[in-house]
Amino acid sequence: MDSTELNKIMAAFLTAGIVFGLGGVLGGKLIHSPRPEHPAFAIVSALPEGVSAAPREVPIAALLAHADPAKGQSDAAKLCGACHSFNKGGATMVGPNLYNVVMAPIAEGDGYDFSAGLKAHHGKWTFDDMSAWLKDPKAYAPGTKMAFAGIANGRQRADVVDYLRTLSDSPQPLPPVPKEAPAAAATAAAGSAPAAPAGPSFAEEVGHADPKLGEAAAGRYCGACHSFDQGGAALVGPNLYNVVDRAIAAAPGYSYSAALTAKHAAWTYANLNAWLTDPRGYAPGNKMGFAGIPSEKQRAAVVAYLRSLSPNPHPISGAGAGGADKPGQGAHK
Ligand code: HEC
Ligand code: HEC
């Protein structure tokens, strides 16, 4: 890239920095601090002890029902305006023009050179995807070049998403509000087998996930504490080779917390999902200093990667790793 472009990007960074500061003051703790080198878990881990992250808290569909697109417009001007235009036919700036982006294919806007990280998502900008992306862009698309730390606050995110929805000749209808939402959130927070009231099971998502993306995410999120190679060393945490369907807390030579040892079960897909969603909710008192991965897609990718770490990867469906807690089947020797 030439230096003018670099300057533009630097300017955008600075502006965005100022905007973050402002937004932080105006909106309380609404916005993640923009620290690109800082792993996401450190940011999301600032929860009071005993409070589980409950990443599925309130679905975006429920928040959208009460969202305020006018507020979303003023937030978007502050938070996104340094890098995006919103008007029909608007200019490409640091980021692509955002007119008509809701339900458009991801990373295909005319003439914009998207990162491989974002292009790896092949779907559309559904409301759920848009919410996950704006909550934590780097978690949603590792390697993205959108230097924006995310909007942590669900209501504020919904306002912005609702505003994006209005940017169209014929705006998409609001999504239906899921009825089971609070129950699903409670179950996920309690760490029992995740209830999937609709949509594919987590195991199925693992089957469709890209282990390569998972490897990249695991490198960033987990690599400081875990090795992944066969016979790899215990670091802060145990080696994770062949962990899928292994008995919980069974890596030789690692001293687990009582909280994890007390689980007499195997690392089924469902249990890995619950654990990686909210380690503290799943095993209160465990010693994994990691707040969880909010995005289900990303969890599935990480688990798809873990699954690949085996001479004989565990099947996706059928007996074994699909279900709820049950005794370990001792896949390891
Ligand atoms: C510092 C600059 C910057 C800021 C601030 C920023 N973005 Fe972006 N945005 C980008 C870049 C760069 C890309 C391309 C990302 C890639 O290719 O990985 C992008 C991509 C996107 C996309 C994907 C578009 C598509 O066609 O697939 C959406 C949606 C988006 N941004 C929305 C937002 C919203 C909403 C905000 C504010 C809440 C925001 N962005 C803040 C730079 C920024
Ligand atoms: C800050 C360090 C740290 C990070 C980051 C971390 N872990 Fe852990 N992990 C640990 C520790 C410590 C334990 C042991 C927990 C206990 O005994 O309570 C553990 C345990 C585990 C276990 C249970 C293994 C077994 O043999 O029963 C799995 C699975 C796991 N981690 C996966 C992950 C994944 C996947 C990531 C990244 C998404 C991750 N961890 C991120 C430190 C970490």
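Along each chain, residues carry numbers from 1 onward, in the same order as the chain's sequence is written. Just so you know, chain letters begin at A and ligand numbers begin at 1, following the order they were written in. pLDDT decides what is reported in this predicted model: residues at 70 or higher carry local features, side-chain atom pairs at 80 or more are listed and counted, and totals for whole chains, interfaces and linings draw on all residues regardless. Side-chain measures here rest on the full set of heavy atoms in the structure, leaving out hydrogens and waters.

## Some words on the coordination of the iron atom of ligand 2
Basically, it comes down to this: Each metal site is built from N, O and S donor atoms within 2.8 Å (3.2 Å for Na, K and Ca), and since water is not included, such sites may look incomplete. Geometry is assigned from donor-metal-donor angles: four donors are tetrahedral when every angle falls between 85 and 135 degrees, four are square planar and six octahedral when opposite donors sit over 155 degrees apart with all other angles between 65 and 115, and any other arrangement is irregular. Working definition: helices are DSSP H or I runs of at least four residues, strands are E runs of at least two. Numbering for both runs from the N terminus. Relative accessibility thresholds used throughout: buried, under 20% of the residue-type maximum; exposed, over 50%; partly exposed, between the two (1.4 Å probe, protein chains only).
The protein atoms donating to the iron atom of ligand 2 are H226 (NE2) and M288 (SD), with metal-donor distances spanning 1.9 to 2.1 Å. Considering all six donor atoms around the iron atom of ligand 2, the spread of angles at the metal, 85 to 178 degrees, places the coordination shape in the octahedral class. Of this pair, H226 sits in the loop between α11 (211-221) and α12 (258-261) while M288 sits in the loop between α14 (279-282) and α15 (296-308), placing them 62 residues apart in sequence. For H226, a relative accessible area of 11% puts it in the buried group.

## What to know about the coordination of the iron atom of ligand 1
Of the protein atoms, only H84 (NE2) and M146 (SD) coordinate the iron atom of ligand 1, at distances of 1.9 to 2.1 Å. In this structure, the iron atom of ligand 1 is coordinated by six donor atoms arranged in octahedral fashion, with angles at the metal of 84 to 179 degrees. Linking H84 in the loop between α4 (69-80) and α5 (116-119) with M146 in the loop between α7 (137-140) and α8 (154-166), this pair joins segments that are 62 residues apart in sequence.

## Concerning the packing of aromatic side chains
Going by this rule: A pair of Phe, Tyr and Trp rings is counted when the ring centres sit within 6.5 Å of each other, with Trp represented by its six-membered ring. The angle between the planes then sorts it: under 30 degrees is stacked, over 60 is edge-to-face, the rest tilted. Here, a charge over a ring is recorded when the distance from Lys NZ or Arg CZ to the ring centre is within 6 Å and its angle to the ring normal is within 35 degrees.
The final tally for this structure, using the stated rule, is eleven aromatic pairs. Put simply, the rings of W125, W133 and Y140 touch in pairs and so form one group of aromatic residues. Here the basic side chain of R220 rests over the ring of Y221, its NZ or CZ set 5.1 Å away from the ring centre. The aromatic ring of Y282 is capped on one face by K263, whose charged end is 4.0 Å from the ring centroid.

## Focus: the site of ligand 2
Short version of the rule: Think of it this way: one heavy atom of a residue within 4 Å of a molecule or strand is enough to make that residue near it. In protein, a polar contact requires one atom able to donate a hydrogen and another able to accept it; more generally it is a pair of N or O atoms within 3.5 Å, and residues adjacent in sequence count only if both atoms are side-chain atoms. Note on residue categories: nonpolar means Ala, Val, Leu, Ile, Met, Phe, Trp, Tyr, Cys or Pro, charged means Asp, Glu, Lys or Arg, and polar means any other residue, Gly included.
With respect to spatial proximity, 27 residues lie near ligand 2, and among them C222, C225, H226, S257 and M288 are the closest. Taking A249, its main chain carries an N or O atom lying 2.8 Å from an oxygen atom of ligand 2. At 2.7 Å from an oxygen atom of ligand 2 is found a side-chain nitrogen or oxygen belonging to W267. In terms of residue count, the dominant contributor to the shell around ligand 2 is helix α13 (residues 269-277) (three residues). Considering only residue class, the shell around ligand 2 consists of 20 nonpolar, five polar and two charged.

## Overview of unusual backbone geometry
At M103, a residue that is not glycine, the phi angle is positive and equals roughly 70 degrees. With respect to the helices and strands, M103 occurs in the loop between α4 and α5. Positive phi values are uncommon outside glycine, yet N242 reaches one of about 60 degrees. Topologically, N242 is positioned in the loop between α11 and α12. Looking at N242, the relative accessible area reads 16%, which means it is buried.

## Remarks on the packing of α4 against α8
Filter applied, for reference: Axes here refer to lines fitted to C-alpha atoms; in helices the fit is confined to the stretch in contact. Angles between the N-to-C directions go from 0 to 180 degrees. Roughly parallel means an angle under 35 degrees; roughly antiparallel means over 145; roughly perpendicular covers 65 to 115; every other angle is labelled oblique. Only heavy atoms enter the contact rule, under which two residues are in contact if any of them lie within 4.5 Å.
Close contact between α4 and α8 brings their axes to 7 Å; oriented N to C, the two are set at 95 degrees. It follows that α4 is roughly perpendicular to α8 by the angle criterion. Taking contact as the criterion, the partners of P69, K71, G72, Q73, D75, A76 and L79 in α4 are, on α8, Q156, D159, V160, D162, Y163 and T166. Of the residues assigned to the contact of α4 with α8, the class counts are five nonpolar, four polar and four charged.

## Looking at the site of ligand 1
Surrounding ligand 1, one finds 26 residues, the nearest of these being C80, C83, H84, S115 and M146. Here a nitrogen atom of ligand 1 sits 2.7 Å away from a polar atom, N or O, in the side chain of H84. A distance of 2.4 Å is found between an oxygen atom of ligand 1 and a side-chain nitrogen or oxygen belonging to S115. Only α4, α6 (127-135) and α8 provide two or more residues apiece to the shell around ligand 1. Within the shell around ligand 1, the residues separate by chemical class into 21 nonpolar, four polar and one charged.

## Details of the environment of Y269
Along the chain, the position of Y269 falls in helix α13. With relative accessibility at 0%, the residue Y269 sits in the buried group. Separated by 3.2 Å, the side chain of Y269 and the backbone oxygen of P315 make a polar contact.

## Some remarks on the pattern of salt bridges
Under the convention used in this document: Any Lys or Arg side-chain nitrogen located within 4 Å of an Asp or Glu carboxyl oxygen qualifies as a salt bridge.
Under the definition given, this model contains seven salt bridges. Close ionic contact of K297 with D129 constitutes a salt bridge, the shortest N to O distance being 2.8 Å. Here the residue K297 occupies a position in helix α15, and D129 occupies one in helix α6, the gap between them amounting to 168 residues. A residue is classified by how much of its surface remains accessible, and D129, at 11% relative accessible area, is buried.

## Examining α11
Selection criterion: Throughout, the arc means that of the directions going from the helix axis to the C-beta atoms.
Within the sequence span of α11, burial applies to G214, A217, A218 and Y221. Take α11 and look down its axis: the buried residues cluster within an arc of 100 degrees, on one side only. The opening residue of α11 is D210, an N-cap whose side-chain oxygen sits 2.8 Å from the backbone nitrogen of K212.

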